[in-house]
Amino acid sequence: AQTVTQSQPEMSVQEAETVTLSCTYDTSESDYYLFWYKQPPSRQMILVIRQEAYKQQNATENRFSVNFQKAAKSFSLKISDSQLGDAAMYFCAYRSYDQGAQKLVFGQGTRLTINP
Amino acid sequence: DAGVTQSPTHLIKTRGQQVTLRCSPKSGHDTVSWYQQALGQGPQFIFQYYEEEERQRGNFPDRFSGHQFPNYSSELNVNALLLGDSALYLCASSLARERGNQPQHFGDGTRLSIL
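Structure report, in brief. Small disclaimer: the values here were computed from a predicted structure and weren't measured. (Residues numbered from 1 in each chain as written. Chains lettered and ligands numbered in written order. Predicted model: local features only at pLDDT ≥ 70, side-chain atom pairs only at ≥ 80, totals over all residues. Heavy atoms only, no water.)

**Comments concerning the overall build of chain B**
Across its full length, chain B holds 0 helices and 11 strands. Taken over C-alpha atoms, the radius of gyration comes to 13 Å for chain B, in line with the 13 Å a tight globule of 115 residues would show. With the C-alpha coordinates aligned to their principal axes, the bounding extent of chain B is approximately 40 × 25 × 25 Å. Looking at chain B as a whole, 51% of its 115 residues are labelled buried. Approximately 5,400 Å² of chain B is accessible, and the part contributed by carbon and sulfur atoms is 46%. Looking at charge distribution, chain B has the averaged site of its 10 positive side-chain charges lying 6 Å from that of its 11 negative ones. (Helix = DSSP H or I, 4+ residues; strand = E, 2+ residues; numbered from the N terminus. Rg over C-alpha atoms; globule rule 2.2 N^0.38 Å. Buried < 20%, exposed > 50% of the residue type's maximum accessible area, 1.4 Å probe, protein only. Areas by Shrake-Rupley, 256 points an atom, 1.4 Å probe, with all protein chains shown as cover. Lys, Arg positive; Asp, Glu negative; His and termini not counted. Charge placed at Lys NZ, Arg CZ, Asp CG, Glu CD.)

Set out below in structure tokens:
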């Protein structure tokens, strides 16, 4: 079974600075998908960024980018120019490549605080 | 374009009771997944419904059951409620034929409190 581990329960950063959230996972599969979701106090899970394991190029979405190290099974999220609206719980998630297996396996989450 | 909607928003029950939570998927989606998120934890997969059948199930007891209707909406039923069932229950929808990297869309959840 796949597992996802986020070793940083809480992180804080000054507004406008850069922060990196860590995620490691364990799987025996060679193809899979990885996601970072953001959950603000409103509770809704919002997709931040996604990565296909067969792509070597790291995904980027505006101020958000990932460092995907497949051999190390590491998938960290970098937030540049942090904004107050980035404050939330961040969850790393794994999804099997099997088209019929759409379930997400989540990590425990990292609470990100932005200091003004 | 309506997103995923869940009802009710909050619910308070007592031990031993039964509860039904409801979810309407995003317009155009045909697959519904349910997750349980305990306080301070990541969501845990309960089960997934597609074509009105349970397609995948996580490590949850038979007290947790579900249903999907012809219009793709879904219900989550929990019997014989325990204190440990207190959690945020999230519904997510997707389209079965989409490529796997397409994200599931989540609702705002139902906060269930057991007294």
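There's plenty left to go through after this.
**Let's talk about the sheet that holds strand β7 (residues 64–68) of chain B**
All names here are of chain B. Ordered by their spatial adjacency, 4 strands build an open sheet running β1-β3-β8-β7, and the pairing between neighbours is antiparallel. The sheet is open, and its two borders are formed by β1 (5–7) and β7, each paired with just one other strand. When strand polarity is set aside, the average angle formed by the axes of neighbouring strands in this sheet is 20°. The pairing of strand β3 (residues 19–24) with strand β8 (residues 74–78) spans 5 bridges and is antiparallel. Paired with Thr20 across the two strands is Asn77, which belongs to β8. (Pairing = 2+ DSSP bridges. Axes fitted to C-alpha atoms, helices over the stretch in contact; angles between N-to-C directions.)

**With respect to the pairing of strand β8 (residues 64–69) of chain A**
Residue and element names in this part refer to chain A. Pairing of strand β7 (residues 60–61) with β8, which is carried by 2 bridges, proceeds in the antiparallel orientation. What sits directly across from Glu61, in β8, is Phe64. Once β7 ends, the chain turns through 2 residues before running back antiparallel as β8, passing Asn62 with a positive phi of about 55°. Of the pairings in the sheet, the one linking β8 to strand β9 (residues 74–79) comprises 6 bridges and is antiparallel in character. Residue pairing for β9: Phe68 is matched across the bridge by Phe75. Taking the residues between adjacent antiparallel strands as the criterion, β8 and β9 are bridged by 4 residues, where Lys73 takes a positive phi near 55°.

**Points about the state of the cysteines**
Residue and element names in this part refer to chain A. Here the structure, examined in full by the defined rule, presents 2 disulfides over all chains. Here Cys23 is linked by a disulfide to Cys92, with a sulfur-sulfur distance of 2.0 Å. Disulfide Cys23-Cys92: the torsion about the S-S bond is -70°, which places it as left-handed. Here Cys23, found in the loop between β3 (19–21) and β4 (24–26), pairs with Cys92, found in strand β10 (residues 88–96); they are 69 residues apart in sequence, far enough to count as distant. By relative accessible area, Cys23 is classed as buried at 1%. (Disulfide = S-S within 2.5 Å.)

**Some thoughts on the packing of aromatic side chains**
In this structure the tally under the stated criterion is 15 aromatic pairs over all chains. Between Tyr35 of chain B and Phe106 of chain B, the ring centres sit 5.7 Å apart and the planes meet at 45°, which makes this aromatic pair tilted. One end of the pair, Tyr35 of chain B, is in strand β4 (residues 31–37); the other, Phe106 of chain B, is in strand β10 (residues 105–106), and 71 residues separate them in sequence. When sorted by exposure, Tyr35 of chain B lands in the same class as Phe106 of chain B, which is buried. An aromatic cluster is present here, built from Phe35, Tyr37, Phe91 and Phe106 of chain A together with Tyr35, Phe45 and Phe106 of chain B joined pairwise through their rings. (Phe/Tyr/Trp six-rings, centres within 6.5 Å; stacked < 30°, edge-to-face > 60°.)

**Let's talk about the pattern of salt bridges**
All names here are of chain B. Under the counting rule described, the total for this entry stands at 7 salt bridges over all chains. Among the ionic pairs, Arg63 bridges to Asp85, the shortest N-O distance being 2.9 Å. Residue Arg63 is located in the loop between β6 (53–57) and β7, and its partner Asp85 is located in the loop between β8 and β9 (87–94); the two are separated by 22 residues in the primary sequence. Asp85 matches Arg63 in its accessibility class, with the two residues each being buried. (Salt bridge = Lys/Arg side-chain N within 4 Å of Asp/Glu carboxyl O.)

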